[in-house]
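Spelled out, the chains give:
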Amino acid sequence: MNERSERIIQHSAWRSHRTSEARAGGLSTRTIQGQKNLQDIRQASKDGIGGSPLRPDGTLKVKGEFAYSSDMWHEDMLWGMALRSPHPRANILSVDISDALKVPGVYAVLTHDDIPGTKYYGLEIQDQPALAIDKVRYHGEAIALVAADHPETARRAVKKIKVEYEVLTPIVTEEQCLNPEVYGYVHEPHEYKSHGSGNIVHSQKLVSGGGVTDEIRALADVIIKSDYEVGMQDQAFLGPESGLAVPAEDGGIDLYIATQWLHVDRQQMAPVLALPEEKVRLTLAGVGGAFGGREDLSMQIHACLLAQHTGKPVKIVYARDESFFGHVHRHPAKMTYEHGATRDGRLVFADARIVLDGGAYASASPAVVGNAASLGHGPYVIPNVRMEAIALYSNNPSCGAMRGFGAVQAAFAYESQMDKLAAALDMDPVELRQLNAMAEGDYMPTGQQIDSPAPVAELLQRVKDMPLPPPLDLDNLDIRQIPGALSNTSHGEGIVRGIGYSVGIKNVGFSEGFDDYSTARVRIEVIGGEPVAMVHTAMAEVGQGGVTVHAQIVRTELGVEQVTIHPANTEVGSAGSTSASRQTYMTGGAVKLAAEAVKQAVIDKGRRRYGWTQSDLTLIGGKVVSESQGALISVVDLLGDEAIDLTREHHHRPTVPFDKETGQGFGHVQYTFCANRAVVDVDVELGLVKVVELTAAQDVGRALNPLSVVGQIQGGCTQALGLAVMEEIIVKDGKVRNASFTDYLIPTILDTPPIPVDVLERPDPHAPYGLRGVGEAPTVSATPSIVAAIRAATGLALNRIPVRPEHLTDTL
Amino acid sequence: MEFLRPATWDEALAAKAEYPTALPISGGTDVMVEMNFDVHRPSAILDLNRITELTEWSIDGDVVRLGASVPYSRIINELSGPLPGLALAAHTVGSPQIRNRGGVGGNLGAASPAGDSHPALLAAGRDVFVEVASVRGTRMIAIDDFYVGVKRNSMEQDELIRAVHIPVADGPQQFSKIGTRNAMVIAVCAFGFALHPKNGTVGTGIGSAAPTPRRAVEAEQYLQGVLAERGLWESGDLLGTEVIQKFGELVKAAASPIDDVRGTADYRRHALAVMARRTLTWTWNDYSKQIRSAA
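So, how was this worked out
Residues numbered from 1 in each chain as written. Chains lettered and ligands numbered in written order. Predicted model: local features only at pLDDT ≥ 70, side-chain atom pairs only at ≥ 80, totals over all residues. Heavy atoms only, no water. Pairing = 2+ DSSP bridges. Helix = DSSP H or I, 4+ residues; strand = E, 2+ residues; numbered from the N terminus. Core = buried A, V, L, I, M, F, W, Y, C linked by side-chain atoms within 4.5 Å. Buried < 20%, exposed > 50% of the residue type's maximum accessible area, 1.4 Å probe, protein only. Contact = heavy atoms within 4.5 Å. Domains from an automatic or database assignment. Buried area = accessible area lost by both parts, 1.4 Å probe. Salt bridge = Lys/Arg side-chain N within 4 Å of Asp/Glu carboxyl O. Polar contact = N/O pair within 3.5 Å; in protein donor to acceptor, adjacent residues only side chain to side chain. Axes fitted to C-alpha atoms, helices over the stretch in contact; angles between N-to-C directions. Parallel < 35°, antiparallel > 145°, perpendicular 65-115°, else oblique. Left-handed = near helix turned anticlockwise from the far one by under 90°. Nonpolar A, V, L, I, M, F, W, Y, C, P; charged D, E, K, R; others polar. Phe/Tyr/Trp six-rings, centres within 6.5 Å; stacked < 30°, edge-to-face > 60°.

With that settled, consider the pairing of strand β5 (residues 63–67) of chain B. Residue and element names in this part refer to chain B. Relative to β5, strand β4 (residues 57–60) runs antiparallel, the two being bridged by four bridges. Bridge pairing links I59 to V64 in β5. Connecting the antiparallel pair β4 and β5 is a turn made up of two residues, with G61 showing a positive phi of about 65°. Summarising the sheet, β5 and strand β10 (residues 160–167) pair through five bridges and their orientation is antiparallel. When the sheet's bridge partners are listed, V63 is paired in β10 with P167.

Printed below as a string of structure tokens:
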């Protein structure tokens, strides 16, 4: 790597700080239950696992000093920009780039004709052209690229590219998608790269027990059947897609990029660039949030194509509106659910059909469908189950990964069903859920046994038992605390309080036979008279706090205080994706394995040199320590000038794909559960909502960094709140209508209530340290509790989210 | 693109005369967003930030002369007494950062039906004037003549907004705005209301529910009639639900909203009626208290 590149990557070099300031705040509500952990770890360092050292990026981000991928600069750098389709479906009759090429300062204008390698890429199914070929399938699809010496030059040149379109009627509704003979194919049958057919990307059926038949239905005393709808949510990360591609002397490319999985980016990019993978080197740049939106490629291939073509470094930064077109969203869903129960509240059967709109390209749709089908009946024991989940191809924006991944949409439906069932049976909604809650030893509808703690009923009880916030005090009104807040719409008029409950289930890690292993390299050496450890992984730090946790693990395992984190890049093996709540489990697990190997190597070195025979040796406080005989030697003296540097892979236990027709199979690595109680005030006349409090109880197995755990749960709840009451990409006839933060609304601090968090630690014996992935479960579970609370306040059915003021005032 | 930075008001007028298509910028909270989204590509930008008089206000007798660039945060902190309706509206503008930069001049210049100042200015009375100037001279445009179309005002190309003249409140004023979140939101619709006991009138202003900000004329006339006929200005007696209800319906009828991504026309009409009833109730309750404590 040349000197210039070294300078750039320092942006993303992390150094973990040891501090105890993090102990303030956020933790007062934490309660720890049960067995602390599976193994006895002597805590040599207060900033080891179980502590809450501050994140190294926190202060920088708050002060605006963190270097994001969009802040990178390189001498002689060009700016790349894409021309995007204004139509959701059209044939491209011609593309004329001659005027754009004449703009002074323009170095290249590229179309798909200029792609040196394979023209298609994709996460699971390679169905997406790197640049549109003869047709566009969604509003905002990239057609041509410009590289110029200034972003404004590039912008002007983009406008001079002439594209002749034959505009076609977009295929956007379920009815249109499922009738391709009449409405057309998003991908022509002969172009099909997915296993689906018609305009279906993927489908998954599931049957367990006796399925759902009229005989089974007859066993139920009460049957509830309803349709539900979930709008298209966006990840709404704040740092737009951006990166810098630098052509290298060996003909390869160095790409500095904000992403979620360096190695899979590379795997998709190399064939398009016609380069061997080893010549495509990726280094993680500062990531401004991800939430699944960076799992797919955005500008990676585009910047590299332009860099290859011009021989110059090329930077691409999306504007905010382009960002809305440049990444996939959460699948909007239409769902039909039917539940039957006995008079005493026992579930007899559950039937569901989930239709997810996958948009123009496959992205992660197959895996999202697998999750929807396998998790879509919730954390309940149901003797007879049927399910069909499908994802459509359409000319709507592509949808793929977003926090909660296929489990979110279904949770809104099954939890709404639980409330309706409780109402029909005149039962307490929490008691109904507890009566049917799954527990360790029970079976999922997939036939997979839950073989670690599943305290679903207890989580519900915990949120129910938390003290309620005081009622609204109309004599001492703080207007900021009521619906409308400083918009001054109410001085107490029309406000009704409601309370709602929910619980949800999410899997951790990649499923259905995928071996999403993680790699970690740990090094120990003496620097400045102190033992210093270094952790090197390809894990994308997207804000989840993985770099903090890695240092904690190494402190605990190696008994050192100083830990540095190497920039994440492709020089080390894959760390898998920063998604599916998996990084602490998977890459944390790899760091643990590598650190354990380094510890063993240090001890073995001592054994060889000093002939130690004790079996009770470990590393604590920078020394080799025998439990029975005390300190034997300092690591500094033992290592001298030598470094120990070892790499290990961590694989989770294997899973298998679900049977296509029955949905049976040991498909998931781990399950995670969160319960919520929402208290809302609704201005029932104006249809405005203020969430007063959103309580969460979650089993995290083991909290490696309790402060971060609480932060993840609060963040997940907030994103769920957004889906409940405001966040939706509005698409009409295939066109995105609100590609801005002016009109795509996410919660502000005035929308975000206090979120008391009750953290349970029930270790999972299959997981490193017993931990459970944390980030997604609250995003799955919290939305339905808020909607339930709004229902309680208004008495309305509310079968669609986000709930808009129009739904509450009958003015849609 | 030309970037013009006049140091004085006269230089600014001269620059605007020379570059009539120049887009004036002060706080930039609207202009910069539109440029960022590539909505506007002005040939020239006229930066008014060096002209300090635009960020000053004064009270002359019964009228506040509010410099075009006085930021919303200062309107809230310094003028909530004389201009309570406008101060309430200022509270609903964007975020603290935006309120520190943006001012009423920008709202008037953009003339968006969703601008938060407009309903409060309309409600403050028919004797609110926008002071505009050019090298040709100064004009006082009555607020009722200012808004002429969607994002269009009655200014000439060579004119700049210098100040707004707003009567000091002589009665209670209120402002309500609907947004689909509890802060930092563009109005789905908004309503400004003011009682003017000195001349026995009431003021209304509707935002985001018609091509321009507009007054609910019939609602004003109806209420003024009721207040006069029943001697309510003097007695401060209760209005009664029928009057409040009718007022709400007339405000609703005055709107001509559309369906868009922020809300439906039906919702806007419905919400305007609710806000009209509530703001009338709040102001009248305050007024009656004043009357009774004076009695």
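There is more to say after this.
The subject of this paragraph is the nonpolar core. Residue and element names in this part refer to chain A. The biggest cluster of nonpolar side chains holds 107 residues, and the ones touching the most others in it are M335, Y337, I354, I713, I786 and I790. A total of 11 residues in this core trace back to one element, the largest contributor, which is helix α12 (residues 407–425). Leaving out residues up to four positions away in the same chain, I786 has contacts with A678, V680, V691, L694, L721, A724 and V725. Grouped together as the second largest cluster of nonpolar side chains are 84 residues, A108, L110, Y121 and A258 included.

Right, let's get into the environment of B:V63. All names here are of chain B. Within the element layout of this structure, V63 appears in strand β5. In this structure, the C-alpha to C-alpha distance between V63 and V164, residues 101 residues apart in sequence, is 9.7 Å. Not counting residues within four places of it along the chain, the set of residues in contact with V63 comprises S58, H165, I166, P167 and V168.

Looking now at the domain arrangement of chain A. Residue and element names in this part refer to chain A. Along its sequence, chain A is organised into domain 1 (12–22 + 37–63 + 516–650), domain 2 (70–168 + 257–287 + 294–318) and domain 3 (333–511 + 657–809). A separation of 36 Å is found between the C-alpha centroids of domain 1 and domain 3. Taken together, the contacts link 29 residues of domain 1 with 27 residues of domain 3. Carbon and sulfur atoms make up 62% of the surface buried where domain 1 meets domain 3, a total of about 2200 Å² over both sides. Here domain 1 is connected to domain 3 by zero salt bridges. At the boundary of domain 1 and domain 3, one finds nine residue pairs in polar contact (both at pLDDT 80 or more). Where the side of domain 1 that touches domain 3 is concerned, the elements lending two or more residues are α15 (546–558) and α16 (583–610). At five residues, the largest contribution of residues to the side of domain 1 that touches domain 3 is made by α15.

Residues and elements named next belong to chain B. Following both chains from N to C, one finds helix α10 (residues 241–254) and helix α11 (residues 265–294) inclined at 140°, their axes separated by 8 Å at the closest point. With respect to their mutual orientation, α10 and α11 come out oblique. For the pair α10 and α11, the crossing hand works out as right-handed. Of the residues in α11, those in contact with I244, Q245, F247, G248, E249, V251 and K252 of α10 are R269, L272, A273, A276, R277, L280 and T281. Here the contact of α10 with α11 is built from residues that sort into seven nonpolar, three polar and four charged.

Our focus in this paragraph is helix α9 (residues 300–310) of chain A. Residues and elements named next belong to chain A. By the criterion of burial, α9 is predominantly enclosed, with nine of the 11 residues buried. All buried positions along α9 are accounted for by Q300, I301, H302, A303, C304, L305, L306, A307 and T310. Immediately beyond the C-terminal end of α9, within one or two residues, lies G311, with a positive phi of roughly 70°.

What follows covers the packing of aromatic side chains. Residues and elements named next belong to chain A. For the structure shown, the criterion picks out 17 aromatic pairs over all chains. Taking 5.7 Å as the distance between ring centres and 85° as the angle between the ring planes, the aromatic pair formed by F324 and F741 counts as edge-to-face. Here F324 is found in helix α10 (residues 320–326), whereas its partner F741 is found in the loop between β30 (735–736) and β31 (757–760), with 417 residues between them in sequence. Note on F324: relative accessible area 3%, which makes it buried.

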